[in-house]
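In case you want the letters, here they are:
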Amino acid sequence: MEITKTSFQFLFANTIRALFKQSAKEFENQGIKITPEQNYLLRILTSQEESIQSDLAEIMQKDKSAIMRHIDQLEKMGYVVRVNDAVDRRKKHIVITELGTDVLNKCEEVISRLSERNMQDISENELEIFKKVLIKLKENAEK
């Protein structure tokens with residue numbers, strides 16, 4: 001199958017890139033000094049009791065060294081801390097700080113506003129169909 005500017009793969013990939021670029025630009029405009037990917041990482045940290053680097057790499061589908069770079073940057077900014085595991089001292093849990101939670105909340109406000117703007121002229125029915133298609137695509141890709 002040839003990939004053209006109107007093919008599903010091209011449109012989907014370009015849409016994802018455009019959304020990330022849009023949120024990165026708006027984060028910058030709002031004085032938020034993290035990337036959309038780092039925002040996603042912080043969001044994951046708030047949704048799990050315990051997070052170690054290898055778990056985060058698997059969830060984000062990135063290699064461990066890329067996740068380590070993100071964690072290092074977030075730690076320098078004071079948004080996360082590494083905490084030694086009580087049982088296995090080689091393990092370090094990544095924990096979001098209060099400052100990290102604050103920046104995550106600011107990011108969520110920005111993303112919420114952008115989502116509202118981006119969803120203009122898209123009906124609830126269209127959105128539900130799109131979600132179902134995305135779920136099926138993901139399930140098929142994971143088979």
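Parameters at a glance
- Residues numbered from 1 in each chain as written.
- Predicted model: local features only at pLDDT ≥ 70, side-chain atom pairs only at ≥ 80, totals over all residues.
- Heavy atoms only, no water.
- Buried < 20%, exposed > 50% of the residue type's maximum accessible area, 1.4 Å probe, protein only.
- Helix = DSSP H or I, 4+ residues; strand = E, 2+ residues; numbered from the N terminus.
- Arc of directions from axis to C-beta.
- Contact = heavy atoms within 4.5 Å.
- Lys, Arg positive; Asp, Glu negative; His and termini not counted.
- Salt bridge = Lys/Arg side-chain N within 4 Å of Asp/Glu carboxyl O.
- Core = buried A, V, L, I, M, F, W, Y, C linked by side-chain atoms within 4.5 Å.
- Phe/Tyr/Trp six-rings, centres within 6.5 Å; stacked < 30°, edge-to-face > 60°.
- pLDDT = per-residue confidence, 0-100.
- Axes fitted to C-alpha atoms, helices over the stretch in contact; angles between N-to-C directions.
- Parallel < 35°, antiparallel > 145°, perpendicular 65-115°, else oblique.
- Nonpolar A, V, L, I, M, F, W, Y, C, P; charged D, E, K, R; others polar.

Under an unreviewed UniProt entry, the name given to the protein chain is MarR family transcriptional regulator, and the source organism is Arcicella gelida.

Engineer: Break down helix 3 (residues 53-60) for me, citing the residues and quoting the values.
Structural biologist: Owing to its 3.6 residues per turn, the α-helix aligns residues three or four sequence positions apart on the same side. Taken residue by residue, helix 3 has Leu56, Ala57 and Met60 as its buried positions. Take helix 3 and look down its axis: the buried residues cluster within an arc of 100 degrees, on one side only. As for helix 3, its buried residues are in contact with helix 2 (36-47), helix 4 (64-76) and strand 2 (92-96). Just past helix 3, the residue Gln61 takes up positive phi, approximately 55 degrees.

Engineer: Describe the side chain of Thr97, listing the residues and the values that go with them.
Structural biologist: Within the element layout of this structure, Thr97 appears in the loop between strand 2 and helix 5 (98-118). Look at Thr97 and you get buried, because its relative accessible area is 17%.

Engineer: Requested: an account of the side chain of Glu26, with residues and values cited.
Structural biologist: Topologically, Glu26 is positioned in helix 1 (residues 8-29). Arg113 is the oppositely charged side chain nearest to the buried, salt-bridge-free Glu26, at an N-O distance of 4.5 Å. The contacts of Glu26, once residues within four sequence positions are left out, are Val110, Arg113 and Leu114.

Engineer: Let's hear about the nonpolar core: which residues, and what values?
Structural biologist: Ranked by size, the top nonpolar core spans 22 residues in total, and within it Ile34, Leu42 and Leu56 carry the most contacts. Among the secondary structure elements, those contributing two or more residues to this core are helix 2, helix 3, helix 4, strand 2 and helix 5. It is helix 5 that provides the largest number of residues to this core, a total of five residues. Not counting the four nearest positions on each side in its chain, Ile34 is found in contact with Phe27, Asn39, Leu42, Leu74, Met77, Tyr79, Val103 and Cys107.

Engineer: Before we move on, can you summarise the packing of aromatic side chains with the specific residues and values?
Structural biologist: Overall, the coordinates contain one aromatic pair when judged by the stated rule. Each ring, one from Phe8 and one from Phe12, has its centre 5.4 Å from the other, and the planes form 20 degrees; the classification is stacked. Of this pair, Phe8 and Phe12 are both found in helix 1, four residues apart, which corresponds to roughly one turn of the helix.

Engineer: If you had to explain the environment of Lys106 to someone new, which residues and values would you point to?
Structural biologist: Considering the arrangement of structural elements, one finds Lys106 in helix 5. Sequence separation between Lys106 and Phe27 is 79 residues; the distance between their C-alpha atoms is 8.8 Å.

Engineer: Quick one: what's the story with the confidence of the model for the protein chain, residue by residue and with numbers?
Structural biologist: In this model, the protein chain carries a mean pLDDT of 90, and residues with pLDDT of at least 70 account for 97%. Mean pLDDT per element in the protein chain: helix 3 is the minimum at 84, and helix 5 is the maximum at 96.

Engineer: Lay out the packing of helix 1 against helix 2 in plain terms, naming residues and giving numbers.
Structural biologist: The contact between helix 1 and helix 2 brings their axes to 9 Å, and the two run at 90 degrees. Taken together, the axes of helix 1 and helix 2 are roughly perpendicular relative to one another. Touching Phe20, Ser23, Ala24 and Phe27 of helix 1 are Pro36, Glu37 and Asn39, all from helix 2. Residues that form the contact of helix 1 with helix 2 fall into these classes: four nonpolar, two polar and one charged.

Engineer: Residues and numbers for the pattern of salt bridges, please.
Structural biologist: Under the counting rule described, the total for this entry stands at six salt bridges. Where Asp72 meets Arg82, a salt bridge forms, and the shortest distance between an N and an O atom there is 2.7 Å. In this pair, Asp72 is assigned in helix 4 and Arg82 in strand 1 (residues 80-84), connecting sequence segments ten residues apart. The residue Lys131 makes a salt bridge to Glu128 at a minimum N-O spacing of 3.6 Å. With Lys131 and Glu128 both in helix 6 (residues 124-141) and three residues apart, this pair spans about one turn of that helix. According to the relative accessible area criterion, Glu128 is partly exposed, its value standing at 38%. Three or more residues joined by partner-sharing salt bridges are found here, namely Asp72, Glu75 and Arg82.

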